[in-house]
Amino acid sequence: MARQPPPPSVHAAILLCLLSLSGAIEIPMDPSIQNELSQPPTITKQSVKDHIVDPRDNILIECEAKGNPAPSFHWTRNSRFFNIAKDPRVSMRRKSGTLVIDFRSGGRPEEYEGEYQCFARNKFGTALSNRIRLQVSKSPLWPKENLDPVVVQEGAPLTLQCNPPPGLPSPVIFWMSSSMEPITQDKRVSQGHNGDLYFSNVMLQDMQTDYSCNARFHFTHTIQQKNAFTLKVLTNNPYNDSSLRNHPDMYSARGVAERTPSFMYPQGTASSQMVLRGTDLLLECIASGVPTPDIAWYKKGGDLPSDKAKFENFNKALRITNVSEEDSGEYFCLASNKMGSIRHTISVRVKAAPYWLDEPKNLILAPGEDGRLVCRANGNPKPTVQWMVNGEPLQSAPPNPNREVAGDTIIFRDTQISSRAVYQCNTSNEHGYLLANAFVSVLDVPPRMLSPRNQLIRVILYNRTRLDCPFFGSPIPTLRWFKNGQGSNLDGGNYHVYENGSLEIKMIRKEDQGIYTCVATNILGKAENQVRLEVKDPTRIYRMPEDQVAKRGTTVQLECRVKHDPSLKLTVSWLKDDEPLYIGNRMKKEDDSLTIFGVAERDQGSYTCVASTELDQDLAKAYLTVLADQATPTNRLAALPKGRPDRPRDLELTDLAERSVRLTWIPGDDNNSPITDYVVQFEEDQFQPGVWHDHSKFPGSVNSAILQLSPYVNYQFRVIAINEVGSSHPSLPSERYRTSGAPPESNPADVKGEGTRKNNMEITWTPMNATSAFGPNLRYIVKWRRRETRETWNNATVWGSRYVVGQTPVYVPYEIRVQAENDFGKGPEPDTVIGYSGEDYPRAAPTDVKIRVLNSTAISLQWNRVYPDTVQGQLREYRAYYWRESSLLKNLWVSQKRQQASFPGDRPRGVVSRLFPYSNYKLEMVVVNGRGDGPRSETKEFTTPEGVPSAPRRFRVRQPNLETINLEWDHPEHPNGILIGYTLKYVAFNGTKLGKQIVENFSPNQTKFTMQRADPVSRYRFTLSARTQVGSGEAVTEESPAPPNEATPTAAPPTLPPTTVSVTGVVSSTDATATAATTEATTVPTIPSVAPTTMATTTVATTTTTAATTMERPPTTTSKTKMPESGPRAEEEEAQVPKS
C-alpha cells in the first residue's frame, strides 16, 4: 500500500521545530583530541569532475580521505564495481584511494575512459567522491586538402574558414602566413570566435601574403598548420599605391563602390543564445560594408553592466564575465558606416547548474541531542534533491525512528551512538550536479582540559589579564571559575568569563593574587585545572635623566634610578637618538647612571634610559647639548626642544573627612614647556570599575588641593599634567578612600513610560551613577496609576533601569514616579511624568481618496480622515504607497518598486511629486501610528501626462581635423513622452567676441551633426536639448576643442563674406517611408571677427556610436540648463518623499 504524505500542518510544524534545534559541537584542533575521537570518513582531496589526461603519461585519479579509524577505499567504473586486483596496470597508493594506471609496459589509455567514483569507508560510515569523468586528450591531424586560390572583387566581403579538427580540449586557433608571420588584424580584418578569418571588405593589399590557420593543442604543446589560402583580388585600379592607405576617402580613391553594412556573423536580424550562470557570455557581431562598419553594443531596457562588460576584437565581441540571472534579456549590436546602419538582436537566456545556498555541514552531537542536516541549492531549472546514507539511497536504508526527512532537511531527534553515518546530498538538473558529504557523529566524552596543568601567570599591577582554560567534552560542559578553592563562581564586576572558558580580570589589584581553579562539568563527570596568578609591582624610573648643556671635553653624568619588583630581573639599557647606544671606552654604564667622558660634538642628541623586566618596561629621555669652548649655556632652554610633561608621581591623601580629602603630588619634568594645568581624575570600583572620570582641574602652579567627595564612593585618584605641547601620561593611582553613606539627594532622570507591545508599558530611566548613589544596595521605587482615574498607586522595587507593566489597555495615559532608595534611606519625593501604554495597529484606512493631476510629475491627494478611536495609538502620519505600473512608451521597461510619501499629522490632503511623466501609476493610502501601518485603502490608478525630456546623453564634440567638427549624442535617458526632435543652438566665439546664435532643429532619430569649415581659429559653443509636444527639456552644453598651441586671438578683418550652411538629409533603408534627399542653402549674416565656416548636417535614422579620431585637448566643461518639468523634479510639495 502506498504511503500517504503527511498533511501540510505537519510540514509547518517541522519547519518551526528546526529553529529550536541545538547547535553542533565543534571538535578542537588539538591533535590529541583529533587522534583519539572516532570519526566517520571525510573526502579531503579528489580529481575534478571532467578529468582530461595526457595520453603520454600515466593516469592519476585522486581520492584522499580522513577518518578514525583510517578509511579503506574502493572504486566503481561506469556505476559497476571496479576490481583493481584483476588489472595489473592499476594500483592504489598506500593509505590512500588514489588510482595509478601505469602504461610503461604498454596499453592504450583510451580503454580506461569512463565515469569513476571513489568510496571511503570505515565502521562509522561511507563517504563518496564526485563522479569523475575520465577522458584522454586528443590531438587529431588536419585532413589533407588542396586549396584553390580564392578569387574576390576588391571591396567585397570574404570569410576564410578554419574548420580545425575536433580536439580534446579544443585547440587554440590563430592565423599566420605560411612563413609564420602573424596576420595583422584590425576592425576590417579579424578572427572570429569560431576561428574563421573575416574580411569586412577586401583590399588589393590583402594579396601580399597568404593565410594559414594554426591550431595549438594543450597537452601535446604541438601546433598544426592548415594549408594556406592565397587570394586573387580583382580590382578597377591595379596600382597598389601605398599612399592611398591613409587617404581620407581611400575607397573612392581606388574606385571601390561604397555600400551599407550587412552581417557576416551571425546571419539574419535576430538570434538567441543560452549561457550558464557563473560563466562568461560572449556575443559576437561581424559586419561587412564599405567603408568598414563600426560596431556598437546595447541592451534593451537598460545599460550594459559596466563592472562586468568589456569589448573585444575591435568592438566586434562583447564579453560579460561571471554571468548572473539579471544579465538575461535582449542585446543588440549596431553596425554603421556613412551609408547607413543595421542591427542584430540576440536574446540571451541565463540557465544555471546547481549552486549551493546551504551546503550540508558535518554534525557532531552528544547522545540525546537534536540536530539537522540542511541541503539547499538553486539552479535553472530548479534542481532536484536526493538524499543517500553511506552511499545508498535513503529510502532503501534501514528505518531509523530518530530520523525524519523534510524535503531538503533531515531532522535528528534524541540521537544515539547508533545514529553515526555519512549522508550524501545529490542535487542535479540538466546542466550539472553537486554532491556533498556530511557525517553525523555522536560523541560521549567526559570533560577534559586541553592546556598544561598548574600554569603560572605573572602580571603587572593595574594591568588587564586573561586566564585561559581550554576544555572539551560532549555534551558541552559548563565552566565555572573559583579563587583559592572557595567562594562563589567568579563572573561580573572586575571579572568576565568568555564562552571559550577564559577568565578576564579587567584591572589587576594586589588582592587578586592567588590560585584560580576552572571546573568543567557535564553529565559524564568533571575536570579541573589550576592557574596561579602572581601580581608584580610595576617598573618605574623615579629619578630620570635631565637635559644638560655641556662644553666640549667635559664629563657628563645622566642619572636613571629605577624601582622594580625584586622578584623580577631588571635590565637597564640606553638609546641614543632612539637607536641602541654603543658603549665605547669614553662611556661608563652603571646600574643607575651613564657617564660620558670627554664629551664631543658627536655625543649631542637624545638619550633614553630603558628599564625593563620580562613583564614591563619604563622609559625616560633627556637631551644633551654640546657647546663649543667659547659658548656659554645662558640660553640653553630656548634652544632645547619642547615636549609633553612627564607624569606626576608619588600621590598622597591627607586631611581625610566625610565629604573631602586633600590630594598632594610631585610634578614631573615640564620638558622645557611650563605646566599650565593639572586634571584630577577618579575611579570607583562599584558601578564602573576601571573607568576614569574627570573630577576637577587646577592651575599648573598647584600640587596640592582639597577634593569635594560624594557619600559611599570607594575613590581612587590620578593626576594628568598639561602644557602647551599636550598632556602627560596619567600618574600611577593613589591609594583608595571610601566615604561614609547617606540617603540619596536626587532621583533618576529621563523617566519615560512607553509601550513595547499593545498590552504593556515599559517604564525606563537613566540609572544613577556612583557619585549620586550615596549608599549601598541602590534601588528604585517605581509607582504608576491610570491618569484621571483616582485609583491607588501600584508600586514595585527595581534594581535595574526598567520595569514592565503588563495587561494594560491599548494606548492609555499613566502617571509615573520613580524614587531612589539605598540602605540609608529614601531620596526626595519624585516628580510625576506622563507615559502611555502600548499601541496597536490602526483599524481603519483613509476613505474617499481623490487624485488630481497637477502636472507631469506631481499629483494632489485628498482623503477623509479616520476616526480617532480607530488609530489605537499616536497618529504619526498619513502615508501614500505608490508605484509605476508601466510607461505609455512602448517597450520601455520600468521599475515597479514601491515608493512612499509621508504626510505628518492629522491632515486631509497632500501633494506627491517626483513622479515620472507619461506613465501609469497605482496608489494606496494608510494611516500610521507608532506600531506601524493600518489597513490599505482601495487602490487608485492615475496617469501622468507627457513632460519635457531629460538632457541628451553623452554629448560629444570632436574635431578630427581643422576643417571639420563632428557632433554626436545619444537619446535622453528619460524621454518623458514622445520625442519630436532636437534643438541645437550654437554660436562662434573668438576670445570674448561672440557671433550670432544659430538654431537648428533635427528629427527625433538624428544623433549626428557635421560642420565643414575653412576657419582654423574660431571655436564654437553648442547647446543641445530634446523636445516633446510639451516643450524643450534640459539642455547640455559643450565647446569645440581649442586648436593646438592656441595663441592669443588677434583682430580679424572688419568685413567677412557670409557663412553658408548646407543641410543634407539621408534616411535609413529600414525606414518604412522613403524620403528624398534635399539640399537647402541658407545665407547667414556675417559674424564679426569670425572666419567663414561651412556646415553640413547628416540625418541618420538610428542611433549609432562611431569611433572617430579625436584631437587631444583639455577636458571641456559641460553645463546643463534646468528647464521646467524635465522629468521627476528635485523639489516636493508638502509630502516628504524618500528617494527610491
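Residues numbered from 1 in each chain as written. Predicted model: local features only at pLDDT ≥ 70, side-chain atom pairs only at ≥ 80, totals over all residues. Heavy atoms only, no water.

Draft legend 1. Spatial organisation of the overall build of the chain. Along the chain, the regular secondary structure elements total five helices and 90 strands. Taken across its 1140 residues, the chain has 46% of its residues classed as buried. In the chain, once contacts between residues fewer than 6 apart in sequence are set aside, the share between residues at least 24 apart is 67%. Taken as a whole, the chain presents about 58,200 Å² of accessible surface, with 49% of it coming from carbon and sulfur. (Helix = DSSP H or I, 4+ residues; strand = E, 2+ residues; numbered from the N terminus. Buried < 20%, exposed > 50% of the residue type's maximum accessible area, 1.4 Å probe, protein only. Contact = heavy atoms within 4.5 Å. Areas by Shrake-Rupley, 256 points an atom, 1.4 Å probe, with all protein chains shown as cover.)

Draft legend 2. Representation of the sheet that holds strand β16 (residues 197–199) in the model. Pairing is antiparallel in the open sheet, where three strands are placed in the order β13-β16-β15. Among the strands making up the open sheet, the edge pair consists of β13 (158–160) and β15 (189–191). Going from strand to strand, the sheet's axes swing by 20° on average, the running direction of each strand aside. Note that β15 and β16 share three bridges and pair antiparallel. Across the sheet, the residue bridging to Gln191 is Leu197, located in β16. (Pairing = 2+ DSSP bridges. Axes fitted to C-alpha atoms, helices over the stretch in contact; angles between N-to-C directions.)

Draft legend 3. Representation of the state of the cysteines. In this structure the tally under the stated criterion is six disulfides. Between the sulfur of Cys469 and that of Cys518 lies a disulfide, 2.0 Å long from S to S. Taking the sign of the torsion about the S-S bond as the criterion, the disulfide between Cys469 and Cys518, at about 75°, is right-handed. Of the two residues, Cys469 sits in the loop between β40 (465–467) and β41 (471–474) while Cys518 sits in strand β45 (residues 514–522), which places them 49 residues apart along the sequence. Overall, Cys469 belongs to the buried group, its relative accessible area being 1%. (Disulfide = S-S within 2.5 Å.)

Draft legend 4. Here's a closer look at the pairing of strand β69 (residues 813–822). For β69, the buried fraction is high: eight of the ten residues fall into the buried class. Inspection of the sheet shows strand β66 (residues 779–786) paired to β69 by eight bridges, in the antiparallel sense. Looking across to β69, one finds that Arg786 is bridged to Tyr814. Sheet topology note: the β69/strand β71 (residues 833–836) ladder contains four bridges and is antiparallel. Within β71, the residue paired with Ile816 across the bridge is Val833. Bridge count between β69 and strand β70 (residues 825–826): two bridges; the pairing is antiparallel. Across the sheet, the residue bridging to Glu821 is Lys826, located in β70. Counted between consecutive antiparallel strands, the loop separating β69 from β70 contains two residues.

Draft legend 5. Structural detail: the pattern of salt bridges. Going through the model one piece at a time under the given rule, you end up with 54 salt bridges. Residue Arg736 is joined to Glu683 by a salt bridge in which the shortest nitrogen-to-oxygen separation is 2.7 Å. Here Arg736 is found in the loop between β62 (714–722) and β63 (737–738), whereas its partner Glu683 is found in strand β59 (residues 677–684), with 53 residues between them in sequence. The exposure class of Arg736 is partly exposed, given its relative accessible area of 25%. Judged by its relative accessible area of 1%, Glu683 falls in the buried class. Across the pair Asp823 and Arg779 runs a salt bridge, and its minimum N-O distance is 3.0 Å. Of the two residues, Asp823 is situated in the loop between β69 and β70 and Arg779 in strand β66; the sequence distance between them amounts to 44 residues. Through salt bridges with shared partners, a single ionic network connects Arg954, Arg956, Glu968 and Asp970. (Salt bridge = Lys/Arg side-chain N within 4 Å of Asp/Glu carboxyl O.)

Draft legend 6. Inspection of the side chain of Asp327 at higher detail. By secondary structure assignment, the location of Asp327 is in the loop between β26 (317–320) and β27 (329–337). The residues touching Asp327, leaving out its near neighbours within four places in the chain, are Lys299, Pro305, Lys308, Ile320, Asn322, Val348 and Val350.

Draft legend 7. Spotlight on the environment of Asp646. For Asp646, the position within the fold is in the loop between α4 (636–639) and β57 (649–654). In the structure, Asp646 is positioned 74 residues away from Ile720 in sequence and 9.1 Å away in space, judged by C-alpha atoms. Residues within four places of Asp646 in sequence aside, it is in contact with Met544, Gly668, Asp669, Asn671, Ala721 and Ser728. Side chain to side chain, Asp646 and Asn671 meet in a polar contact 3.2 Å long. (Polar contact = N/O pair within 3.5 Å; in protein donor to acceptor, adjacent residues only side chain to side chain.)

Draft legend 8. Representation of the packing of aromatic side chains within the structure. Enumeration over the complete set of coordinates arrives at 25 aromatic pairs. Seen from their ring centres, Tyr811 and Tyr836 are 4.8 Å apart, and the 20° between their planes marks the pair as stacked. Within this pair, whereas Tyr811 is found in the loop between β68 (802–806) and β69, its partner Tyr836 is found in strand β71, the two being separated by 25 residues in sequence. Judged by its relative accessible area of 25%, Tyr811 is partly exposed. (Phe/Tyr/Trp six-rings, centres within 6.5 Å; stacked < 30°, edge-to-face > 60°.)

Draft legend 9. Summary view of the sheet that holds strand β58 (residues 660–666). The antiparallel open sheet is built from three strands, whose spatial order is β57-β58-β61. If you trace the sheet from one side to the other, it starts and ends with β57 and β61 (704–708), each paired once. The sheet shows a mean angle of 25° between the axes of neighbouring strands, direction not considered. For β58 and β61, the ladder comprises five bridges, and the chain directions are antiparallel. Along β61, the bridge assignment pairs Thr664 with Ser704.

Draft legend 10. Fine view of the side chain of Asn672. Mapped onto the elements of the fold, Asn672 is located in the loop between β58 and β59. Here Asp547 takes part through its side chain, which lies 3.3 Å from a polar atom of the side chain of Asn672.

Draft legend 11. The arrangement of the nonpolar core in detail. Ranked by size, the top nonpolar core spans 31 residues in total, and within it Ile61, Trp75, Leu99 and Tyr116 carry the most contacts. For this core, the secondary structure elements donating two or more residues are β3 (59–61), β4 (63–68), β5 (72–77), β8 (99–101), β9 (114–122) and β11 (132–136). (Core = buried A, V, L, I, M, F, W, Y, C linked by side-chain atoms within 4.5 Å.)

Draft legend 12. Structural context of the confidence of the model for the chain. Confidence in the prediction of the chain, expressed as mean pLDDT, is 84, and 86% of residues score 70 or more. Taking the mean pLDDT of every element in the chain, the minimum, 33, falls on strand β88 (residues 1079–1084) and the maximum, 96, on β16. The low-confidence segment residues 1–23, where pLDDT is below 50, has 14 contacts with residues more than four positions distant or belonging to other chains. (pLDDT = per-residue confidence, 0-100.)

Draft legend 13. Structural context of the environment of Val849. Mapped onto the elements of the fold, Val849 is located in strand β72 (residues 847–855). In this structure, the C-alpha to C-alpha distance between Val849 and Gln862, residues 13 residues apart in sequence, is 5.7 Å. With residues up to four places along the chain from it excluded, the contact list for Val849 reads Gln862, Trp863, Leu923, Met925, Ser937 and Lys940.

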